[in-house]
Every structure is written in C-alpha cells, then in structure tokens.
There are 2 protein chains.
Amino acid sequence: MVESITTELQNYLGSDKVLTGDAVQERYHHIWRMNEPLRAKAVIIPQTTRDVATALKICNDYNQPVVPHGGLTNLVGSTETSSEEVVISMEKMNAIEEVDESSRTMTVQAGAILERVQLAAKEKNLLFPLNFGAKGSAQIGGAISTNAGGLRVVKFGMTRNLVLGLETVLADGTIISSLKKIIKDNSAYDLKQLFIGSEGTLGIITKAVLKLVEAPKSRVSAFIGLNHYDKVVELLKFMDSALAGTLSGFELMWQPTYMGLTSPPMIKPPLPYDYNYYVLMEALGGNDEPDQQRLLELLEEATKSGMIEDAVPAFSGSDLDWFWRIREEVDPIVDQCNHEQQFDISLPIGLIGAVVDGIVENLYTLKEIEKVFAFGHVADGNIHFIIGKNNDSKELIEKINEVVYSPLEEIGGSVSAEHGIGVHKKAYLHLSRNPEEIALMKTLKTSLDPKGILNPGKVLDI
Amino acid sequence: MVESITTELQNYLGSDKVLTGDAVQERYHHIWRMNEPLRAKAVIIPQTTRDVATALKICNDYNQPVVPHGGLTNLVGSTETSSEEVVISMEKMNAIEEVDESSRTMTVQAGAILERVQLAAKEKNLLFPLNFGAKGSAQIGGAISTNAGGLRVVKFGMTRNLVLGLETVLADGTIISSLKKIIKDNSAYDLKQLFIGSEGTLGIITKAVLKLVEAPKSRVSAFIGLNHYDKVVELLKFMDSALAGTLSGFELMWQPTYMGLTSPPMIKPPLPYDYNYYVLMEALGGNDEPDQQRLLELLEEATKSGMIEDAVPAFSGSDLDWFWRIREEVDPIVDQCNHEQQFDISLPIGLIGAVVDGIVENLYTLKEIEKVFAFGHVADGNIHFIIGKNNDSKELIEKINEVVYSPLEEIGGSVSAEHGIGVHKKAYLHLSRNPEEIALMKTLKTSLDPKGILNPGKVLDI
C-alpha cells in the first residue's frame, strides 16, 4: 500500500513533486523544530491548484491522511505529523498574481510569504494590514486557514475580514474557486467562511483575493502609565472615540511584563516602573503634523482628567521602533523562564482586570511557577500569558491550563483568541464551545471530508 | 395531517402562539404587500428560543416546511409563502437584553427592530453602525440572516462584521447558542458564519450579540461633481487615504439619477446639473471643527489638481439632512417609472464606469425602457439600478435581467451585493457561483436540514 500510493502520486504528479525517504527526513514539521526530522510517508510539493486537486483525489481514494504545511509557524501543533501521513506543502505555490490598485485587491497563491504580500502592497502605495511576528516565514494560506490576528485587529479586523475571494480544494479533489475582486457578495452562502480558521480540516486553500487598504500617511504612538484597570477601559473608549477609526493599536502590559520587556541600558523603558498598567497605543492617520498635535492634546486631556498617570509620545521612526520593539520582542521575558508555557485567551474587555488578577494569584499558589507575564491586545479582549516554571511535566502543564482556562467558560471567554485549537488545545475546546456546537462542527467535517483525510486529529476528534 | 400538526403545535406551545384560519389571513408576507392576505397553514409566534426549538422539532417530525418571518422588508421574495407552509414570526422576541458599555456589545433577540437597536446604542453613547432605509421595520434577525449592507459599509463592513455571537435553532430543534461578548474567538469553526446571509435556509436566528462602536463626535459631508469615472476612483483613493479610517460614505450618482433625485424647488440640487458623476461622501470623526477644516482643505486640493470639477460641503444638521435625503429617498425617481425594476449588483471598482455605461446603452436599445437610473455604494463596488419601463411582463423582466446580469460572470461580479437571492434571483445564481460552489452549498443545506423544511425553495433548489 505504501508503495502503491506514493507510486501513484509520483505517476500523476511527476516524481519531482513527491518527496519520499531521505528527502522527507531533511524537512521538519515546525519552524522551531528544525532539528527534528519530519515524519511522513511522503511530501507533496504542488505547483498548481490542479496538482493539489490531483493529490487529494488520490489520497482520498486511498483513505490516506493528509497534513497541509504552510510556513510552519503555528503555535498549537496544527502541522504535526505521523509517519503514516502525507504532507502537502504549499511552498512553491507562492506567486503574487496581481495587485489591482483600483479594486484595492491582491490575488495570491497560498504559499506566498506574508512579508512579501505586505511589500507587494506597499509598492503600490497600499497596505495589507495583517501583521505579526512570524511574517517572514508565515504563508498567507496558513494565516487564512488559522484566521490569524496580530497587532492591528482593532482597526482592520482579523484575517477573515481581509479575504474577499478564496480557492480551496476539498478532500475529494473538488476545486471550490471564487476569486472575485469584489467587496460585497450576497449571492447565497459565503463558502469561504468555512475554510477561514478551520486549520486545514475542511479543505486546502490554494489561492486568495486579499483586501488592501490605502497606505497610511502618518503613524503616531504613545506609552501610557495607569494604575487601575477601569481607567484602561476608560482610556480605550476615550481614544477610540476621539481618534474615530484611526486607532490601530491598543496594547496592554501588566507592570511585571513591562519591567521584563525593558532592561536598561539595552532597552530603555519609556516610562518609569511606577504604574500598574502600561498601554502602548498607535494611530494610523492621513495627516502627519495635525495627527501628532491631536495625540498630544488627547494625552493632555486624559492626564488632566485623572484618567492616566503618565504618558510619552513617539512620532519619529526611531522612537516608534523603540516603543514597538518592547511589545513585539518577547525574548527578554521568555529568557527569564526556565520552562515556558504560553496562552492566548479571549474574554469580555470589562472583565479582564479582575480575571487576570485572579489567574495570576492562582498561578503563584503553584510552587513550580516562577514568573507570570500578562499582556495583550486589550482592545480586542485578547490576553496573552507567558508563564515561567521550573519543569515541563505534563502534569504541571495541565495544572497551569486548568488555572488559566477554568474562569473562561462561565464568563463566555475563549481558550483561543488567535492561535487556534490544533492538537494542543483540543482537550479544552469544550470550555469555549458547547456540545451542540461541537456536534455541528463534526457534522460539517463529516459532510465535507467524509473519509476524514484532511489534517485528522486536529481541532476535533471525529 | 393539517389538523394534527397545528393541534400538536398548539398543544406544545399554547394556542395563543399558533395562529390559524382567519388570524393568518389578517397578516401578509411583505411589508409592501399589506393588501395581499398571507397564505400559510399556521403562523407561530414564539416568545422564547425554547418555543422556536419546540416548533421546529415538531415541524421537522412532520416534514412541515417553515418560512421564518422578520420585518418582511427583504427585496428578493425570501419571505414568500404557500398555503401549505408554516410561518414562524419573530415579532415577540424583540427584547434588547443588555448593552455592555465596556465590552461595547449589545445582546438582542432576533425580533428587535433595527431602529430600536440603534437607539439603545445611542443612549449609551455608542453606535450600532448598520443603517438602511427600512430600519423602522426591519428586524435584526432578518438583517443578520440576509447579511444586510447599507450606507456605511466602507467604514464598518456588512452585518457579518457586526455580529460577535449568535443563537440559532436548527431544523431539528437543536439550539446552537454562542452568545459571547468577545471580539476574537478562534476556538474551532466559526459556526455563526453559516447562518449569516443564508436567508433562513440553514437555521432560524433567535438572538445575537452585536458589536458596537463609540459614537462619532463629528459628521461632515460633501457633494462633488466629476466628469470622468477614472477621477471618481482617484477621488475615492485620495479621500480614503487622507481621511484614514474616518471615511464612512462614498456614494455615486450618475447624472440622470442626480437630476431625478433633485427637483427644485422641492429638493434643491446642491450642485448644478453640469457634471457626469456626482459623489456624496461622508466622514465620521472625533473632532468637529478640525474635521470640517480638513474636509475643506481636501476638497480644495482635489479641485486644484483637477481631480474634481466642483464641490459643496455640508456641516450643519440641516445641510447634512438635505444632502443625504437626496441619496436615501429614491421615491422621486421611482415615481418617474410607469413600472420599475431594481438591481443590486457588485463588481470590481475599476470596471464600474465602463460596465455601467455598457449596461445603460444596452438597456436603451430595448424599446420598452423609459428610464435608467444608476447609483450606488461605489466604495464597495455595489451599484443599484432603478429601471423604468412601460410594462411589467415576465418576458421583459427577463430581457432586462439578461442585459444587467450578463456582463457580471466574466468580470467576477455578483448578481446580489446586498439583497440576497431569495426566489427572485435564483435563476441567476449560476452567474455568480460556479457548479462546484452550488454543489457544496447543497451539501451544507442537506447536512444541516436533511428534510429540507427551512425556507424551502429559497436561495437554492434542492
């Protein structure tokens, strides 16, 4: 059987597109695990949508499980494989097919690297707003299949909001192609929504039409110190209202995180360590000088009214880089952890202050916990934890999961705001989704992929 | 069988919730057809989600077709019934359950009227941005099930973008409830997307958590005259870039439409009738005086550079009302039509000028055509036509459909940008969606509603 399917794949696709044996071993399943050789029966490297369709048709006929590989940057084990699985890697379908300036769209193949997509937009004085740390490796198809978030969701939404058209191949090789460059389409069901965020379990994305926006003409930022969580919410509402659609970032760091991310003299802290909360905000506007002036006025107003304790703006490129590097480069806190565990939870904005305090307090009752760093996209209700601990045992992982996840069900939160479920969070899905929802998800999975060949064991247990 | 299902519904729900006989006749299937008595076996008026679930379970057991009724304002026949169908009308499930100012969410029952939702947000100094002419009758559940658009999609997106949580009842009575007040949730499949825009064919929406935004503090507008479509696109890009997220409306009227909508002395035209195109734009900002100043500067810049021919701003409440009444109240052009036919197409922004010219030219080759009015949400690539003709024959309707729809397939447009498919556009769905897409839609319909009881014959022929 092993020979027969790889042979058939090679016959139909050409042997250069189907790696086996040692050539598989030279690959890996995650960008951070490049020292662990990939386990897989074969790796298919399609060059066209037709190749993907042919590969899936054969795999479906053979009941052959398939794991799609993009940039391998996901954080929940979605690209893990077993030696009996076949990988389809989108790396060669990486063309940027068209940037349309009047439609403000870009048509891309799924394997295009996010950073290249951003640059192609920039060349036409447009912006593809999706942005996150792994942009140099992440492929757009992976970003779509995980509905990636990032730093500017408050202004531009998640990846779902940035996809106008999609081409996907179903488990049986059927190509579902809808690559229209239109913003509105209410002609029956919006099928692309099924494939966005389903982590390759319902189809393999091959192409997309992305929504672009006009490139911003100004960028202003400020670090702000506050002492009460209620004031953070007040500031968010105040800034969002006054900036009226230009607010593009509103990040919160708890004091220990801010302290951990700044370490003078290497990384100078923009504000002293005197406050309980640090907000890093950004606005992308259309008018440089007045936008700077406006931010200064608003900071002054917020200070006078007692909403904030302290603030420092950034207008120049070097100041903006300095401020945002603090938020984006989490190595200084990861380096403080002997072993680390990361979280990506979602909860109603008003409850974040108290819930996070409770979680931190409960975590520190565990003797194995050394550090708790909390921060996140507070305007989106999305909080990340990086937790330092003295061992990496399964038992401790589960204990920590229990502490972080247990408040979420009752308050209507989510165990995954951005990263997805993959394999690592599957055991906790029931905290975010009720049995009826999970049953309906399984109905969808079964009707689109009756043999269960697409990324099996990820997201749901069927 | 007729007795038996209505009796069973009355037994389980109480007879006050199940209208039959004359009580059915006193109702109607569309707000514009109040003189045509409703044809239906019974009308169920649920008061709770549990009532909807009970009703659907019974109907499903009896293979009883069900048509959901909201505010009955849709334009594609989605609420039409036969005498053998049972109507479920959401009118009594109209509570606004909660407005949460810090989460910036509103939890509502499906039968809440859009205008009441808007007002409830306003009372808390927040905005529910969805807005269209029928807001005084349309119910939020209907707006969600049709993914309604409207006048401010360029800034706030379609209804889909404004729904955070949803509760829906499936055909078999299963309640799929996910009423979380969170912005991001990547915990497995985003099931609500299935029900948004599927016109009641996959489930009946009972509640929703809506996304609110901070109420805008300033509103500015301008009427602008231009002579070439390329300049319209140039102006859109220029304004969108300069206004950087505050641009909230960018409507285009072809000259005959502008002329038809303004009729001095009743409705004074803000600009003379000298130009080929009229743009009505709006920005919702955070800072009254400077926002007005900014618009004036931009209009001056656009005039100097030759982008636009003429412009007049509106800042006061009365001027804003005057300008926007011209766009929103289409009666003056409808009144010029002996018989009318309306369209709601979507196409790539760059192609609109040439394609609309072609359609208008081809329409006027039909001798039955008297008037063609073109206008629309050009920033969304969404154009409406109101066509005046001398008769209302089926043959002529089809001839006109042919002229308007035929260019769309090749250029990747859509026969419905906003209104949906219902029954009226079903014959043209194949121009927007290919056979593979339609087959997949049918797979979804069959797996969620195996007996096909939900709004049968709407959207798809199964």
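Residues numbered from 1 in each chain as written. Chains lettered and ligands numbered in written order. Predicted model: local features only at pLDDT ≥ 70, side-chain atom pairs only at ≥ 80, totals over all residues. Heavy atoms only, no water.

### Describing the interface of chain B and chain A
So the rule is basically this: Residue contacts are defined here by distance: any two heavy atoms, one from each residue, within 4.5 Å place the two residues in contact. Joining two parts hides part of their accessible area as seen by a 1.4 Å probe, and the buried area is that hidden amount summed over both. The term salt bridge refers to a pairing of a side-chain nitrogen on Lys or Arg with a carboxyl oxygen on Asp or Glu at a separation within 4 Å. Side-chain atoms alone can form a polar contact between residues adjacent in sequence; in general such a contact is a pair of N or O atoms within 3.5 Å, and within protein one must be able to donate a hydrogen while the other accepts it. Starting at the N terminus, helices and strands are each numbered in turn, a helix being any DSSP run of H or I of at least four residues and a strand any DSSP run of E of at least two.
Residue-level contacts link 89 residues of chain B with 90 residues of chain A. When the two sides are added together, the surface that chain B and chain A hide from each other amounts to roughly 6800 Å², 55% of it contributed by carbon and sulfur. Together, K184, N186 and Y189 of chain B form the three largest contributors to the area buried by chain B at its contact with chain A, with a combined 15%. Counting the contacts that link chain B with chain A gives 12 salt bridges. With a closest N to O distance of 3.1 Å, D380 of chain B and K184 of chain A form a salt bridge. If you look at where chain B meets chain A, you find 47 residue pairs in polar contact (both at pLDDT 80 or more). Contributing elements (two or more residues each) for the side of chain B that touches chain A: α6 (153-156), β9 (175-178), α7 (192-195), α8 (229-243), β14 (277-285), α16 (429-432) and α17 (435-448) of chain B. Here the element with the most residues in the side of chain B that touches chain A is α17 of chain B; it accounts for 9 residues.

### Section: the packing of aromatic side chains
Residue and element names in this part refer to chain A. Defined as follows: Classification of ring pairs rests on two measures: the distance between centres of Phe, Tyr or Trp rings, Trp counted by its six-membered ring, which must be within 6.5 Å, and the angle between planes, read as stacked under 30 degrees, edge-to-face over 60 and tilted in between.
Across all of its chains, the model carries 20 aromatic pairs over all chains by this definition. Ring geometry for F223 against F323: centres 5.2 Å apart, planes inclined by 70°, an arrangement best described as edge-to-face. With a gap of 100 residues between them, F223 in strand β12 (residues 218-226) and F323 in helix α11 (residues 317-328) connect regions that are remote in the sequence. Of the aromatic side chains, those joined through ring pairs into one cluster are F223, Y258, Y273, Y275, Y278, W322 and F323.

### Observations concerning the relation of the copies chain B and chain A
As a reminder of what qualifies: In this comparison the copies share one frame, found by least squares on the C-alpha atoms of residues holding pLDDT of at least 70 in both.
Overlaying chain B with chain A gives an RMSD of 0.0 Å, the required rotation being 180° about an axis along which the chain moves by 0.0 Å. The symmetry that links the two subunits is that of a two-fold axis. Distance from the rotation axis, computed per C-alpha, reaches its smallest value in chain B at G245 of chain B: 2.3 Å. An overlap of 100% is found between the interface residues of chain B and their copies at the interface of chain A, pointing to a shared contact surface.

### Brief notes about the side chain of N60 of chain A
All names here are of chain A. For clarity, the threshold we go by: A 1.4 Å probe rolled over the protein chains alone gives each residue an accessible area, and that area as a share of the maximum for its type sets the label: buried under 20%, exposed over 50%, partly exposed in between.
Relative to the helices and strands, N60 is located in helix α3 (residues 49-61). Under the relative-accessibility criterion, N60 is labelled buried at 12%. Setting aside its immediate chain neighbours within four residues, N60 contacts A171, D172, K451 and I453.

### What to know about the nonpolar core
How we decide: Here, nonpolar core means buried Ala, Val, Leu, Ile, Met, Phe, Trp, Tyr and Cys residues that are tied together by side-chain atoms lying within 4.5 Å of each other.
Among the nonpolar cores identified, the biggest contains 243 residues, and L235 and F385 of chain A together with L235 and F385 of chain B are the most heavily contacted of them. Apart from residues no more than four positions distant in its own chain, F385 of chain B is found in contact with Q341, Q342, F343, I345, V356, I359, V360, V372, F373, A374 and V404 of chain B.

### Section: the sheet that holds strand β15 (residues 310-314) of chain A
Residues and elements named next belong to chain A. Our working rule: Any two strands with at least two DSSP-identified bridges between them are counted as paired. Lines fitted to C-alpha atoms define the axes here, with helix axes fitted over just the stretch in contact, and angles between the N-to-C directions of these axes take values from 0 to 180 degrees.
Across the sheet, 7 strands lie side by side as β15-β12-β14-β13-β17-β18-β16; this open sheet has antiparallel pairing. With one partner strand each, in any of the chains shown, β15 and β16 (339-346) form the two edges of the open sheet. In this sheet, adjacent strand axes meet at a mean angle of 15° when their direction is disregarded. Here strand β13 (residues 247-254) pairs with strand β14 (residues 277-285) via 7 bridges, running antiparallel. Among the inter-strand pairings, F250 is bridged to a residue of β14, identified as M281.

### Notes on the pattern of salt bridges
Pairing is possible between side chains that carry opposite charge, provided their charged atoms lie close to one another. Scanning the entire structure with this criterion turns up 62 salt bridges over all chains. Between E282 of chain A and R152 of chain A there is a salt bridge; the shortest N-O distance is 2.8 Å. Residue E282 of chain A is located in strand β14, and its partner R152 of chain A is located in the loop between α5 (140-145) and α6 (153-156); the two are separated by 130 residues in the primary sequence. Between K425 of chain A and D344 of chain A there is a salt bridge whose closest N-O contact spans 3.7 Å. In this pair, K425 of chain A is assigned in the loop between α15 (408-411) and α16 (429-432) and D344 of chain A in strand β16, connecting sequence segments 81 residues apart. Given the relative accessible area of 0%, D344 of chain A is considered buried. Each of the salt bridges in this network shares a partner with another, and the network as a whole consists of R104 and E214 of chain A together with K237 and D240 of chain B.

### As for the confidence of the model for chain A
Keep this limit in mind: The score called pLDDT rates the predictor's confidence residue by residue, from a low of 0 to a high of 100.
Scored by pLDDT, chain A has a mean of 96; 99% of the residues are at 70 or more. Interface scoring of the predicted complex returns ipTM 0.97; its pTM is 0.97.

### Some details on helix α11 (residues 317-328) of chain B
Residues and elements named next belong to chain B. This is how it is decided: What a helix is expected to span follows from its residue count: subtract one and scale by 1.5 Å. The reported arc concerns the directions from the helix axis to the C-beta atoms and nothing else.
Here α11 contains 12 residues, and its C-alpha end-to-end distance of 16 Å stays within 8% of the 16 Å for a straight helix at 1.5 Å per residue. Of all the positions in α11, only L320, F323, W324, I326 and R327 are classed as buried. Along the axis of α11, the buried residues cluster in a sector spanning 145°; they form a single face.

### A look at the packing of helix α8 (residues 229-243) of chain A against helix α10 (residues 288-304) of chain A
Between two packed helices, both the angle of their axes relative to each other and the distance between the axes serve to describe the pair. Residues and elements named next belong to chain A. Selection rule: Should the near helix be turned counterclockwise from the far one by less than a right angle, the crossing is left-handed, whereas a clockwise turn marks it as right-handed.
Close contact between α8 and α10 brings their axes to 11 Å; oriented N to C, the two are set at 145°. Crossing geometry of α8 relative to α10 is assigned as right-handed. Facing L235, F238, M239, A242 and L243 of α8, the residues of α10 in contact are R294, L295, L298, L299, E301 and A302.

### Re the sheet that holds strand β10 (residues 204-211) of chain A
Residue and element names in this part refer to chain A. A sheet is described by the order of its strands in space; here 5 strands give the open sequence β5-β6-β10-β8-β9, paired in antiparallel fashion. At either end of the open sheet lies a strand with only one pairing partner, and these are β5 (96-100) and β9 (175-178). Across the sheet, the mean angle from the axis of one strand to that of its neighbour is 10°, orientation sign disregarded. Bridge count for β5 against strand β6 (residues 105-109) is 4 bridges, and the pairing is antiparallel. Across the sheet, residue I96 finds its bridge partner in β6, namely V108.

### Details of the environment of S145 of chain B
Residue and element names in this part refer to chain B. Assignment of secondary structure puts S145 in helix α5 (residues 140-145). Overall, S145 belongs to the buried group, its relative accessible area being 15%. For the pair S145 and I345, spaced 200 residues apart in the sequence, the C-alpha separation amounts to 19 Å. Setting aside anything within four residues of it in sequence, one finds S145 in contact with F195, I196, G197, S198, E199, G200 and I205.

### Some details on the packing of helix α17 (residues 435-448) of chain A against α17 of chain B
Basically, it comes down to this: We call two directions roughly parallel when the angle between them is under 35 degrees, roughly antiparallel when it is over 145, roughly perpendicular when it lies between 65 and 115, and oblique otherwise.
Axis separation between α17 of chain A and α17 of chain B bottoms out at 10 Å; the angle between their running directions is 135°. For the element pair α17 of chain A / α17 of chain B, the angle class is oblique. Relative to α17 of chain B, α17 of chain A is oriented so that their crossing is right-handed. Here L440, T443, L444, S447 and L448 of chain A of α17 of chain A come into contact with α17 of chain B, specifically with L440, T443, L444, S447 and L448 of chain B.

### Points about the environment of Y273 of chain B
Residue and element names in this part refer to chain B. Assignment of secondary structure puts Y273 in the loop between α9 (255-261) and β14. Once the C-alpha coordinates of Y273 and P256 are considered, the two residues, 17 residues apart in sequence, prove to be 8.8 Å apart. Once residues within four sequence positions are removed from consideration, Y273 is found in contact with Q255, Y258, M259, T262, S263, P264 and Y278. Side chain to side chain, Y273 and T262 meet in a polar contact 2.8 Å long.

### Here's the deal with the pairing of β14 of chain B
Residues and elements named next belong to chain B. For β14, a buried count of 9 out of 9 residues is recorded, marking the element as mostly surrounded by other parts of the structure. Going residue by residue along β14, you find Y277, V279, M281, A283 and G285 tucked away on one face and Y278, L280, E282 and L284 tucked away on the opposite face as well. In this sheet, β14 lies alongside strand β12 (residues 218-226) in antiparallel orientation, the contact comprising 9 bridges. Its bridge partner being in β14, A222 is matched across the sheet by M281.

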